[in-house]
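Secondary and tertiary structure notes
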Amino acid sequence: MGQDALAASGTVSAPRFSPAVRGPRRRTIVLRRLLFVLVIAALVFAGGFGIFATHVSSLNTPGNPSKADAIIVLTGGQSRLDAAMDLLKADKGERLLISGVHPSATRRQLQLATGSDKALFNRVDIDRAALDTIGNAVESAKWVQSHAYQRVILVTNNYHMPRSLLELGRLLPRATLDPYPVVNTRLDKGNWLAKPEALRVLFIEYNKYLLALARGIVPVKPSAENMVVVQAEAAE
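Below you will find a few notes about this structure. (Residues numbered from 1 in each chain as written. Predicted model: local features only at pLDDT ≥ 70, side-chain atom pairs only at ≥ 80, totals over all residues. Heavy atoms only, no water.)

Some remarks on the packing of aromatic side chains
In this structure the tally under the stated criterion is 7 aromatic pairs. Both rings, one in Phe 52 and one in Tyr 206, keep their centres 5.6 Å apart while their planes meet at 45°; by these two values the pair is tilted. Taken together, the residues Phe 52 in helix H2 (residues 19-58) and Tyr 206 in helix H8 (residues 196-215) connect sequence positions 154 residues apart. Each member of the pair, Phe 52 as well as Tyr 206, is classed as buried. Of the aromatic side chains, those joined through ring pairs into one cluster are Phe 45, Phe 49, Phe 52, Phe 203, Tyr 206 and Tyr 209. (Phe/Tyr/Trp six-rings, centres within 6.5 Å; stacked < 30°, edge-to-face > 60°. Helix = DSSP H or I, 4+ residues; strand = E, 2+ residues; numbered from the N terminus. Buried < 20%, exposed > 50% of the residue type's maximum accessible area, 1.4 Å probe, protein only.)

Brief notes about the packing of helix H7 (residues 161-171) against H8
It is the contact of H7 with H8, at a shortest axis distance of 9 Å, that shows an interaxial angle of 15°. In this view, H7 runs roughly parallel relative to H8, as classed from their interaxial angle. In this structure, H7 meets H8 at a crossing whose hand is left-handed. Where H7 approaches H8, its residues Pro 162, Arg 163, Leu 166, Glu 167 and Arg 170 are matched on the opposing element by Glu 205, Lys 208, Tyr 209, Ala 212, Leu 213 and Arg 215. Of the residues contributing to the contact of H7 with H8, the split by class is 5 nonpolar, no polar and 6 charged. (Axes fitted to C-alpha atoms, helices over the stretch in contact; angles between N-to-C directions. Parallel < 35°, antiparallel > 145°, perpendicular 65-115°, else oblique. Left-handed = near helix turned anticlockwise from the far one by under 90°. Contact = heavy atoms within 4.5 Å. Nonpolar A, V, L, I, M, F, W, Y, C, P; charged D, E, K, R; others polar.)

Some remarks on the pairing of strand S4 (residues 151-157)
Along S4, 6 of the 7 residues are buried, which leaves the element largely enclosed by surrounding structure. One ladder, built from 4 bridges, connects strand S1 (residues 70-74) with S4; its direction is parallel. Paired with Val 73 across the strands is Val 155, a residue of S4. Bridge analysis of S4 against strand S5 (residues 176-182) gives 7 bridges, and the strand direction is parallel. By the bridge assignment, Asn 157 is partnered in S5 with Val 182. The handedness of the S4 to S5 crossover, carried by H7, is right-handed. (Pairing = 2+ DSSP bridges. Right-handed = clockwise from strand over helix to strand, strands pointing away.)

What about the nonpolar core?
Grouped together as the largest cluster of nonpolar side chains are 22 residues, with contacts concentrated most on Leu 96, Val 124 and Val 155. Taken together, the elements giving at least two residues each to this core come down to S1, helix H3 (78-89), strand S2 (95-99), helix H5 (118-121), strand S3 (124-127), S4 and S5. The biggest single contributor to this core is H3, with 6 residues. Ala 70, Ala 137, Val 144 and Leu 177 belong to the second largest nonpolar core, which has 18 residues in total. (Core = buried A, V, L, I, M, F, W, Y, C linked by side-chain atoms within 4.5 Å.)

Description of unusual backbone geometry
Located in the positive-phi region is Asp 91, a residue other than glycine, with phi close to 60°. Assignment of secondary structure puts Asp 91 in the loop between H3 and S2. Residues other than glycine seldom take positive phi values, yet Ala 148 does so here, at roughly 60°. Mapped onto the secondary structure, Ala 148 falls in the loop between helix H6 (133-147) and S4. On the basis of relative accessible area, Ala 148 is assigned to the exposed category, the value being 54%.

Listed below in structure tokens is the structure:
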């Protein structure tokens, strides 16, 4: 009673925390909030990966795709080239661009590798400038625009398809891109969880896809100058 009266009269001030006490409390609050944000970010990242992996694993190679103006295949495996050449042979496109060919590879070597005859391979154009998926998109966009194509079949592996569509679609917003995913290993029904190598590939590709999404903040437009695409010519 006496202390309450003294406090009310102003003789005794209310207790206050010293700076030495407030500092640790503030740091604790900040650390808790930071930990909460990190946990939420980790959950979102893991959930996004699960959605990405499930989507990629569910992609199937179309049995009879609709005809397009042209076909683009991104190098990265013999199965991609074989699938693209089969589409060209079936007249699913007027021409085929092989993007990302090693500079030392000749037209004759590519023709032999794909088992194509001279007449069919004369409808093939070769891009030797692209070094990665971004380069594939840039060089492919130049090729599409130079021929005024409106509809293109894009051939690449299933795990690589989301990022390829994102990069190329960013440069060709008015063109229609028909995905033709090549499936080397069946990963549907959650099988990717039981295959360490597939899990590793999907995880790496997921991170690259996120980086590609982040790059979308900066507008990218291909230049019509310095186009490095080798037009089809008769194989010697």
